[in-house]
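Per-entry structural report
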Amino acid sequence: MEYAKGGPEDILVKITAANRGPDAAELHLLPTLWFRNDWSKWIAASNRATQKPILRQVEAPAGVRVVAVAHPVLGEFVLSCDGDVPLLFTRTKRTTRGSSRENESAHVKDGINDCVVQGNQGR
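Source: prediction; values computed, not measured.

Once that is clear, we can look at the environment of V73. Along the polypeptide, V73 turns up in the loop between β4 (64-71) and β5 (75-82). Along the primary structure V73 and Q51 are separated by 22 residues, whereas in three dimensions their C-alpha atoms are 9.4 Å apart.

Following this line, the structure appears as structure tokens:
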């Protein structure tokens, strides 16, 4: 991974990956945007964020994917990715599969594995 500053608020990242194994195989790279959980009730009230960050996919030119982000402390910014690739969104909570409890969100982190490894696009 290579990082460069494009400006005071602009970070550029270049990811280069190669399959060094003996057999040809497709590589799946999952660049990740994540936030420290500073909105939970177990965080001291004086340090707790007022709400969770909001991430949403926004329209972009062909061949580019863009995520708009609004964070209560860090402000608003944009993540853009070259390539016509799907964006995967999740919460950090695991699925409650196999238990009597409902999932807190439709976007549980097991869904990333289910999508990439199992090909399940439904979660």
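Let us now look at the pattern of salt bridges. By the definition in use, this model includes 1 salt bridge. For R65, the salt bridge is made with D84, and the minimal N-O distance between the two is 2.5 Å. Separated by 19 residues along the polypeptide, R65 in strand β4 and D84 in the loop between β5 and α1 (110-116) bring together distant segments of the chain. Classification of R65 as partly exposed rests on a relative accessible area of 23%.

Procedures and definitions
- Residues numbered from 1 in each chain as written.
- Predicted model: local features only at pLDDT ≥ 70, side-chain atom pairs only at ≥ 80, totals over all residues.
- Heavy atoms only, no water.
- Helix = DSSP H or I, 4+ residues; strand = E, 2+ residues; numbered from the N terminus.
- Salt bridge = Lys/Arg side-chain N within 4 Å of Asp/Glu carboxyl O.
- Buried < 20%, exposed > 50% of the residue type's maximum accessible area, 1.4 Å probe, protein only.

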